[in-house]
Amino acid sequence: KGVSFTMKVILITGASSGIGYKAAIQLAKEGYKVYGGARRVERMQALTDFGITPLELDLTKPQSLKFAVDRIIEEEGHIDILVNNAGYGSYGAIENVDIEEAKRQFDVNIFGLARLVQLVLPHMRNQHSGRIINISSMAGRMTTFMGAWYHATKYALEAFSDALRMEIKPFGIDVVIVEPGGIKTDWGLIAADHLEESSQNSPYEEMGHATAKKLRREYTTGPLSKPDLIANTITKAVMSKRPRTR
Ligand code: NDP
């Protein structure tokens, strides 16, 4: 079925917005066959102009991940690079954040990501090549006020990625971690909404409100870098012959 072994095939999650959207376009422009995954497929419609194939994918729904990987293998016969970019920050005081919401955040930022890794590895091992690029964060190495659960997911991702690198190196597969600082995307607005909501009518309301306001300001009018910066970093990590890993 039109199987192509010449073009390298990439699956990037979180392609409907921010960093993932820009990275998908850059990678397609560099000549890769890109599949972009996210829940909001309508937000990825414009990506088809660049030859990118949108896939409806929800990291909290393992079946949707299997469908996505199966479809890529059916259409391309191989998968060369997985960019685990999708993620969100559910800010709030530890006392306030519902454990179910904390679990959801781990489902997206860690368990869904891990399931995708499990699904692509058999193909990469057969090819004896491949690269997995995990978008962690500065938040995977330092903590910020009222961001406990987000940091917990990204710290977990750092450890997961370092352990994974050791395991799959013998199979010719690399693992790269990207750790962005603040980037002007919806990320900060989503984190602020969660923070505001979880702090309501609680002893943390005032500080929650002040922190959410600061986050919103930073992510709208603040001097943060644009997502293109990290899209460049991801593109370099994809194209590099010997990626810098630690
Ligand atoms: P955006 O909010 O702009 O994009 C997040 C992406 O994740 C969206 O495409 C969204 O798609 C996707 N996503 C969220 N939940 C799910 C889910 N359940 N299933 C599938 N996809 C999902 O944020 P960014 O572009 O900034 O974030 C990209 C990555 O960069 C994240 O991992 C984030 O933690 C990290 N990061 C961001 C920083 C920043 O300051 N912006 C700093 C450091 C790291 P949809 O909603 O359509 O499913």
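Model, not experiment: these values are computed from the prediction. (Residues numbered from 1 in each chain as written. Predicted model: local features only at pLDDT ≥ 70, side-chain atom pairs only at ≥ 80, totals over all residues.)

What is the right way to read the confidence of the model for the protein from this model?
Close inspection of predicted coordinates is inappropriate for parts of the model with low pLDDT. With 96% of its residues at a pLDDT of at least 70, the protein reaches an overall mean of 96. What the predictor reports for the complex is a pTM of 0.96 with an ipTM of 0.99. (pLDDT = per-residue confidence, 0-100.)

Sorry, what's going on with the site of the ligand here?
Inspection of the region around the ligand gives 30 residues, with Gly14, Gly18, Arg39, Arg40 and Gly87 positioned closest. Secondary-structure elements contributing two or more residues to the shell around the ligand are helix 1 (18–29) and helix 5 (187–199). Looking at the shell around the ligand residue by residue, the class counts come to 13 nonpolar, 12 polar and five charged. (Near = placed C-beta within 6 Å. Helix = DSSP H or I, 4+ residues; strand = E, 2+ residues; numbered from the N terminus. Nonpolar A, V, L, I, M, F, W, Y, C, P; charged D, E, K, R; others polar.)

Sorry if this is basic, but what is going on with helix 3 (residues 99–127) here?
Because each turn of an α-helix spans 3.6 residues, side chains separated by three or four positions in sequence point in the same direction. Helix length check: helix 3 (29 residues) gives 40 Å between terminal C-alpha atoms against 42 Å at 1.5 Å per residue, within 8%. The largest bend along helix 3 reaches roughly 50 degrees and is located at Asp107. Those residues of helix 3 that fall on the buried side of the exposure criterion are Gln105, Val108, Asn109, Gly112, Leu113, Leu116, Leu119, Val120 and Met124. Buried residues in helix 3 make contact with helix 2 (62–76), strand 4 (81–84), strand 5 (130–135), helix 4 (148–168) and strand 6 (173–178). (Expected span 1.5 Å × (residues − 1). Bend = angle between axes of the 7 residues up to and from the residue. Buried ≥ 20, exposed ≤ 12 C-beta atoms within 10 Å, placed from the backbone. Contact = placed C-beta atoms within 7 Å.)

Can you help me understand the environment of Thr235 in this one?
Along the chain, Thr235 falls in helix 7 (residues 227–239). The sequence separation of Thr235 and Ala24 amounts to 211 residues, and the corresponding C-alpha distance is 9.0 Å. When near neighbours in sequence (up to four residues on either side) are disregarded, Thr235 contacts Ala23, Gln26, Leu27 and Glu30.

Which parts of the structure should I look at to understand the nonpolar core?
Nonpolar side chains in soluble globular proteins tend to end up buried together. Ile10, Ala24, Val34, Ile133 and Ile234 are the most contacted members of the largest nonpolar core, which has 51 residues in total. Per-element accounting of this core gives the leading share, seven residues, to helix 1. Discounting chain neighbours no more than four positions away, the residues touching Ile10 are Leu27, Tyr32, Val34, Tyr35, Asp80, Ile81, Val83 and Val238. Listed in part, the 13 residues of the second largest apolar core include Val97, Trp149, Ala212 and Leu215. (Core = buried A, V, L, I, M, F, W, Y, C linked by C-beta atoms within 7 Å.)

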